[in-house]
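Given next are the chains, with one letter for each unit.
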Amino acid sequence: MERALTAAELFDAVGRGYEEAFGRPPAVDAAVRLLLDRLPDSARVLDIGSGTGRPVAAELAAAGHRVLGVDVSKEMVAIARDQVPDADFVHADIREWDSAAGSWDAVCAFFPFLQMTRDETVRVLEGVARWLKPGGVLAMITVPMDVEGLEVPFLGHTVRITSFAEPDLLRLVERVGLDVVEKTSVVFSPDREGQPDEEHLLVVATRGTTPPQP
């Protein structure tokens, strides 16, 4: 088995193949519909790990929202810019990226935490809590598991994944200063032979009126 690839290496290598295998999981569709129902007109939306730009950035931008996608993969950013010209995309590592406090109506985080350490996940979620406006919405999707640094095959490559069991993740989201308002779990079957079914957990949380503590 090859060495485990970083997130940047993996998604540079996978490119459009990711959209072919994972493009429209039911949890992602549910999250996009939820955001479209909740967001004010011309909302500012930060899409962490924006991938190919479809369907998330594409559908939010088509609804008139101002979307910024941040992705660690240079290849994914190039694909997204080509496919979704009405949104903006930057090539950056969200673990090193920052934004003004209270500047986003919503943050999407669909699977980016799986290739971060637990400490990195905590730091990014603390950032998200600061970046959201009062009443702003975090919609995140992950594969809930109590694993840390587990090497697994993924779309023909080896990756190292870390995640949290559902109760631990919900406690973490609350601890950084967000209020969990909804959670949904579904099983997804990727459209790729040899890629196993996986549980997708959608967590929706909001920022209250009291600023999160640093």
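Since the structure is predicted, the reported quantities are computational estimates derived from the model, not experimental observations.

About the cut-offs
- Residues numbered from 1 in each chain as written.
- Predicted model: local features only at pLDDT ≥ 70, side-chain atom pairs only at ≥ 80, totals over all residues.
- Heavy atoms only, no water.
- Buried < 20%, exposed > 50% of the residue type's maximum accessible area, 1.4 Å probe, protein only.
- Helix = DSSP H or I, 4+ residues; strand = E, 2+ residues; numbered from the N terminus.
- Pairing = 2+ DSSP bridges.
- Right-handed = clockwise from strand over helix to strand, strands pointing away.
- Phe/Tyr/Trp six-rings, centres within 6.5 Å; stacked < 30°, edge-to-face > 60°.
- Lys NZ or Arg CZ within 6 Å of the ring centre and 35° of its normal.
- Core = buried A, V, L, I, M, F, W, Y, C linked by side-chain atoms within 4.5 Å.

Asker: Please clarify how the pairing of strand S4 (residues 104-110) should be interpreted in this entry.
Answerer: Along any regular strand, the residues point their side chains to alternate faces of the sheet. Counting buried positions along S4 yields seven of seven residues, so the element is predominantly enclosed. Summarising the sheet, strand S1 (residues 44-48) and S4 pair through four bridges and their orientation is parallel. Within S4, the residue paired with valine 45 across the bridge is alanine 106. One crossover worth recording links S4 to the parallel strand S5 (residues 132-142) by way of helix H6 (residues 118-131), and it is right-handed.

Asker: What's the story with the packing of aromatic side chains in this structure? I'm lost.
Answerer: Centre-to-centre distance and the angle between the planes together describe a pair of aromatic rings. Per the counting criterion, the structure on display carries one aromatic pair. Considering the side-chain rings of tryptophan 97 and tryptophan 131, the 5.3 Å spacing of their centres and the 90° angle between planes classify their relative orientation as edge-to-face. Here tryptophan 97, found in the loop between strand S3 (88-91) and S4, pairs with tryptophan 131, found in helix H6; they are 34 residues apart in sequence, far enough to count as distant. No difference in accessibility class separates tryptophan 97 from tryptophan 131, as the two residues are buried. Above the plane of the ring of tryptophan 104 lies arginine 44, whose end atom (NZ or CZ) is 4.0 Å from the centre. The ring of phenylalanine 164 has arginine 118 lying over it, and the distance from NZ or CZ to the ring centre is 5.0 Å.

Asker: Would you explain the nonpolar core in this entry?
Answerer: Within soluble globular proteins, side chains that are nonpolar tend to cluster in buried spots. The biggest cluster of nonpolar side chains holds 45 residues, and the ones touching the most others in it are Tyr18, Leu35, Val45, Leu60, Phe110, Phe111 and Ile141. When residues in this core are grouped by element, the largest group, six residues, is from helix H3 (residues 26-38). Within the second largest apolar cluster, 31 residues are counted, among which are Ala109, Ala129, Leu169 and Leu201.

Asker: Would you mind going over the pairing of S5 with me for this structure?
Answerer: Extensive coverage of S5 is indicated by the burial of eight of its 11 residues. Relative to S5, S4 runs parallel, the two sharing six bridges. When the bridges of S5 are listed, tryptophan 104 appears paired with leucine 132.

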